[in-house]
Amino acid sequence: MVQIRRSALLLVALATVVAVSGCGADSGARRSDSAHGPVRQDGGIPWSGDETRTSDDPLSTFAVDVDTASYGYARRLIMDGRLPERDRVRPEEFVNSFRQDYPQPAGDGFAVHVDGARLPRTHEAGGDERLLRVGLQTRAEDEERRPDASLTFVIDVSGSMGEPGRLDLVRDALHTLVDQLRPTDSIAVVEFSDKARVAREMTPVADARRLHEAIDSLHTRSSTNLEAGLVLGYRVARDGFRPGRTNRVIVLSDGLANVGSTDAEPILRRVRDEAEKQIALLGVGVGSDYGDELMEQLADRGDGFAVYVSEREQARKVFVRQLPATLSVRALDAKVQVTFAPQAVRSYRLVGYDNRALADEDFRDDRVDGGEVGPGHSVTALYAVRLAEGVSPSARIAQVQVRWTDPADRTPAETYGSVTVAGVDRAFTAASPRLRACYAAAWFAETLRDDGSDGPVRLTDLATIADGAAAATEDAEVRDLARVIRSADELR
């Protein structure tokens, strides 16, 4: 039984590490803070960002985001009988928690998929509103071809980690990770409470006995100095850095820092010299009380991403979906720019990606940070768009451009896709089941972010849509989404 549990829970650490992949780009990269805000339009949707008039700004630009922690944590709270706080709900992370069936590109970078549909009959909207889906997909990679990995685990052993489902989950995951990685991979273990210490310096997985001993030595004590843990963790990672390898720092914590700096920016400032975009930061969140904002900011600004896990089923989900991806990277600093045609689209609204918005002029500024995406991964963004009156079915409504840095030679590359009115004019029931699942996840998040007033769609209707998508795809995760939506409806 212990081995079964470990096998399920590795996968959190391994598969999430696998997905992150963020070595690369120059140290001058920065995050834009000057993104265009939306322009309010009378009659616009008053949720998670108002509509933007296309005549005012036809460009929508954002950094790719592959975080999924927001949905994982919200699900945990709802199944425990609590609704998440509104500001912890990020719709793009709900959408990207579910598998897509986009075709893969032949080489590195992305394949672009653009489609859409009318909104369902149960959605209160004008006849001119459409759902637009932008999907990106990277090529999967054979595990045997990936570079060796040097992974530094930074483990929270503060008193709050003593709760079941925290440090015990972390230990199980790490034990299984040691058993699953190659003998030529390496692992270091740093623990932190009020202070930080090295439990095991960078050690080849071939010396598994010493790594298992270090993991068994992890026990809870005192307060949470996440800053000290990351500073020491990055120092260990830098000392163990090997060119040509995948070099990562993975912090596993409930994110409830209460000693030292408790904000992301001061903590990252301390480790920025060590990171230099060559050592990405992955956040794995645990616990029923979870510092979501801190972990999400650390991962995003540390060129990585954040996930949340709480139970065996979630670990299996991560394993099944992400294990084919390897500890490598397909695209660095990925950004998306959607250009809407003013003659065809009156207004648009990007669902989520609130803290990933970029200024339009930063799309081709390679100093501006984007998202990092590993092999075999998909990224999805949804828009609600209002069509112009009388527009032709053949009229193009949007062009989607994707820009990223090639991980091999650090040169920029771009690809694009487009969609016409006809491409978003099919009935919702005729849309692909994956698109219908995306809609259910996104508007579930929108409803959770609502202030309590009636939104455009009822949770019971979203659950029914998720049920239909689950039946068509035979996807247990989408079926579980329907169950979570119904549980949330009972709590509202």
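Provided above is the structure to which this section pertains.
For clarity, every value in this text was computed on a predicted model and none was experimentally measured.

Remarks on the overall build of the protein
Next, step 1: Looking only at helices and strands, one finds 12 helices and 16 strands in the protein.
Next, step 2: Out of the 492 residues belonging to the protein, those deemed buried represent 61%.
Next, step 3: Carbon and sulfur atoms make up 46% of the accessible area of the protein, which amounts to about 18200 Å² in all.

Some remarks on the pattern of salt bridges
Next, step 1: Under the definition given, this model contains 31 salt bridges.
Next, step 2: One salt bridge in this structure joins R130 and D425, with 2.9 Å as the shortest N-O distance. Separated by 295 residues along the polypeptide, R130 in strand β4 (residues 129–137) and D425 in the loop between β16 (412–420) and α10 (433–449) bring together distant segments of the chain.
Next, step 3: D425 gets classed as partly exposed once you look at its relative accessible area, which sits at 30%.

Considerations on the environment of T447
Next, step 1: You can see T447 is positioned in helix α10.
Next, step 2: Judged by relative accessible area, which is 4%, T447 ranks as buried.
Next, step 3: The sequence separation of T447 and A488 amounts to 41 residues, and the corresponding C-alpha distance is 9.9 Å.

Structural notes on the sheet that holds strand β3 (residues 111–118)
Next, step 1: Ordered by their spatial adjacency, five strands build an open sheet running β1-β12-β14-β4-β3, and the pairing between neighbours is antiparallel. The open sheet has two free edges, formed respectively by β1 (52–53) and β3, since each of these has just one partner strand.
Next, step 2: Pairing geometry for strand β12 (residues 345–350) and strand β14 (residues 378–387), over five bridges, is antiparallel. When the bridges of β14 are listed, S347 appears paired with R386.

Describing helix α6 (residues 226–239)
Next, step 1: Compared with an ideal rise of 1.5 Å per residue, which puts 14 residues at 20 Å, α6 spans 20 Å between its outermost C-alpha atoms and is within 8% of the ideal.
Next, step 2: With respect to burial, α6 is a largely interior element, 10 of its 14 residues being buried.
Next, step 3: Buried residues of α6: L226, E227, G229, L230, V231, L232, G233, Y234, V236 and A237, and no others.

Some words on the packing of aromatic side chains
Next, step 1: Within the structure shown, the criterion is met by 10 aromatic pairs.
Next, step 2: Taken together, a centroid distance of 5.8 Å and an interplanar angle of 65° make the contact between F94 and F444 edge-to-face. In this pair, F94 sits in helix α3 (residues 91–95) while F444 sits in helix α10, placing the two residues 350 residues apart along the sequence.
Next, step 3: A residue is classified by how much of its surface remains accessible, and F94, at 0% relative accessible area, is buried.
Next, step 4: Residue F444 is classed as buried on the basis of its relative accessible area of 1%.
Next, step 5: Every member of this aromatic cluster is reached through a ring pair, and the members are Y71, F94, F98 and F444.

Concerning the side chain of S253
Next, step 1: Along the polypeptide, S253 turns up in strand β8 (residues 246–253).
Next, step 2: Taking relative accessible area as the criterion, S253 reaches 1% and is therefore assigned buried.
Next, step 3: A distance of 2.8 Å separates polar atoms of two side chains, one belonging to S253 and the other to D156.

Each value, and the rule that gives it
Residues numbered from 1 in each chain as written. Predicted model: local features only at pLDDT ≥ 70, side-chain atom pairs only at ≥ 80, totals over all residues. Heavy atoms only, no water. Helix = DSSP H or I, 4+ residues; strand = E, 2+ residues; numbered from the N terminus. Buried < 20%, exposed > 50% of the residue type's maximum accessible area, 1.4 Å probe, protein only. Areas by Shrake-Rupley, 256 points an atom, 1.4 Å probe, with all protein chains shown as cover. Salt bridge = Lys/Arg side-chain N within 4 Å of Asp/Glu carboxyl O. Pairing = 2+ DSSP bridges. Expected span 1.5 Å × (residues − 1). Phe/Tyr/Trp six-rings, centres within 6.5 Å; stacked < 30°, edge-to-face > 60°. Polar contact = N/O pair within 3.5 Å; in protein donor to acceptor, adjacent residues only side chain to side chain.

Just geometry here; none of it tells us what the structure is for.
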